[in-house]
Amino acid sequence: MVTEFILQLEDTGARLDRYLAQELPDLSRSRIQQLIEQGNVQLNGKVCTTKKINVKAGDRIILEIPEVQPLALQAEDIPLDILYEDEQLLILNKPAGLVVHPAPGHPDGTLVNALLAHCPHLPGIGGVQRPGIVHRLDKDTTGAIAIAKTDIAYQSLQAQLQAKTARREYLGVVYGAPKTASGSVDLPIGRHPQDRKKMAVVPIEKGGRSAITHWQVLERLGNYTLILFQLETGRTHQIRVHSAKIGHPIVGDPIYSSGHSVGVNLPGQALHAWRLKLQHPISEDWIEVTAPPPQTLTTLLEVLRRRVAISS
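Not measured: the values here are computed from a predicted model.

## Considering unusual backbone geometry
1) Next: Positive phi, close to 55 degrees, is recorded for asparagine 44, a residue that is not glycine.
2) Next: On the secondary structure map, asparagine 44 appears in the loop between β2 (41-43) and β3 (46-47).
3) Next: Classification of asparagine 44 by relative accessible area gives partly exposed; the value is 42%.
4) Next: One non-glycine residue, glutamate 284, lies in the positive phi region at around 65 degrees.
5) Next: Here glutamate 284 shows up in the loop between β14 (271-279) and β15 (286-290).

As structure tokens, then:
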């Protein structure tokens, strides 16, 4: 799509990106800045990649929005547990075993395939292979995940995650009994130096990225503990790596725990994205959604509570 603008006298002195954002309210300023940087804007017949340049009356601007690349992924009719939905965003309760987006070994049957069936206009929002995905959950981590249905929503949700204004709380059952009632783990995370399928605590000077997890004991269950985790950052496997590092790995974690059985058949780690709080991209009202825990986590807690009651 190509759009042409001829500036009027009252537009003199406006910054290029701000002028275009004002004229094109359906596009976020971040998206417009991206289009400028990618060479999709001409100013007076020449490509302009400087978003801060001031425009003046009589300037001629041509903006070209590239066609959305055809999506090779197929829509699949996979049931979705919808916790909240409007025209801008969707919040789901993801089950265990569902991969969020296609990757080697998981070309289909993913959450993205399900979303394409539910939201036909999703392709192109945030990327061809991950349409609408602003954050992710591991395959066997259950719970609340937000999906952007428009470009405005995608930019807004990403900005909230980066600014740490969106609140993400998880429930997890860990091995052992922490000595204190609460705490924080501030250790950088990066790819494991020997096992490329794992993450690890890695110094920033060696490629690790800042990672901060806050935790609070909710219930002590003998040699197990139910913990509320709050993410300040969102690194891959963050809670799982941090929990293991402080000596309390997530129960059932196939990668970061010892793997000894607790007597309950778990699909993977006992970790659930319990509560998600964010601002609506348009109204700016706060939305808080709680995802009911899966039956496997509920059963695990019931079994551990019975054991504690018997032993006491």
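After that view of the structure, there is still more to cover.
## A few points about empty space enclosed by the protein
1) Next: Counted according to the given criterion, the structure contains three cavities of 30 Å³ or more.
2) Next: There is about 80 Å³ of room inside the largest cavity.
3) Next: Each residue belonging to the lining of the largest cavity can be placed in one class, and the counts come to seven nonpolar, four polar and one charged.
4) Next: For the second largest cavity, the calculated volume is near 50 Å³.
5) Next: Forming the boundary of the second largest cavity are Val134, His135, Ala146, Leu157, Gln160, Leu161, Ala166, Leu276 and Leu278.
6) Next: For the lining of the second largest cavity, the secondary-structure elements that each account for two or more residues are α4 (151-163) and β14.

## Observations concerning the environment of proline 123
1) Next: Mapped onto the elements of the fold, proline 123 is located in the loop between α3 (111-118) and β7 (142-148).
2) Next: Note: C-alpha distance between proline 123 and leucine 278 (155 residues apart in sequence) is 23 Å.

## Some remarks on the nonpolar core
Burial of nonpolar side chains together is a common tendency in soluble globular proteins.
1) Next: Val173, Phe229, Val251 and Leu300 are the most contacted members of the largest nonpolar core, which has 44 residues in total.
2) Next: Of all elements in the fold, only β6 (89-94), α3, β7, β8 (167-175), β12 (212-221), β13 (224-231), β14 and α6 (295-311) reach the threshold of two or more residues within this core.
3) Next: Of all the elements, β13 adds the most residues to this core, at six residues.
4) Next: In this view, phenylalanine 229 contacts Arg168, Glu169, Tyr170, Gly172, Val174, Thr213, His214, Trp215, Ile239, Ser243, Ile250 and Leu271; residues no more than four positions away in its chain are not counted.
5) Next: Residues Leu89, Ile125, Ala153 and Leu278 belong to the second largest nonpolar core, which totals 17 residues.

## Some remarks on the packing of aromatic side chains
1) Next: Per the counting criterion, the structure on display carries one aromatic pair.
2) Next: With a centroid separation of 5.7 Å and an interplanar angle of 45 degrees, the aromatic rings of tyrosine 175 and tyrosine 224 are classed as tilted. On the criterion of sequence distance, the pair formed by tyrosine 175 in strand β8 and tyrosine 224 in strand β13 is long-range, its members being 49 residues apart. Across the pair, exposure class does not vary: tyrosine 175 and tyrosine 224 are buried alike.
3) Next: Its end group placed over the ring of tryptophan 286, lysine 277 keeps NZ or CZ at 5.4 Å from the ring centre.

Conventions and cut-offs
Residues numbered from 1 in each chain as written. Predicted model: local features only at pLDDT ≥ 70, side-chain atom pairs only at ≥ 80, totals over all residues. Heavy atoms only, no water. Helix = DSSP H or I, 4+ residues; strand = E, 2+ residues; numbered from the N terminus. Buried < 20%, exposed > 50% of the residue type's maximum accessible area, 1.4 Å probe, protein only. 1 Å grid on protein atoms, 1.4 Å probe; cavity = no way out; pocket = protein on both sides within 12 Å on 5 of 7 lines; lining within 4 Å. Points joined across faces, edges and corners; volume = space filled by probe spheres on them. Nonpolar A, V, L, I, M, F, W, Y, C, P; charged D, E, K, R; others polar. Core = buried A, V, L, I, M, F, W, Y, C linked by side-chain atoms within 4.5 Å. Contact = heavy atoms within 4.5 Å. Phe/Tyr/Trp six-rings, centres within 6.5 Å; stacked < 30°, edge-to-face > 60°. Lys NZ or Arg CZ within 6 Å of the ring centre and 35° of its normal.

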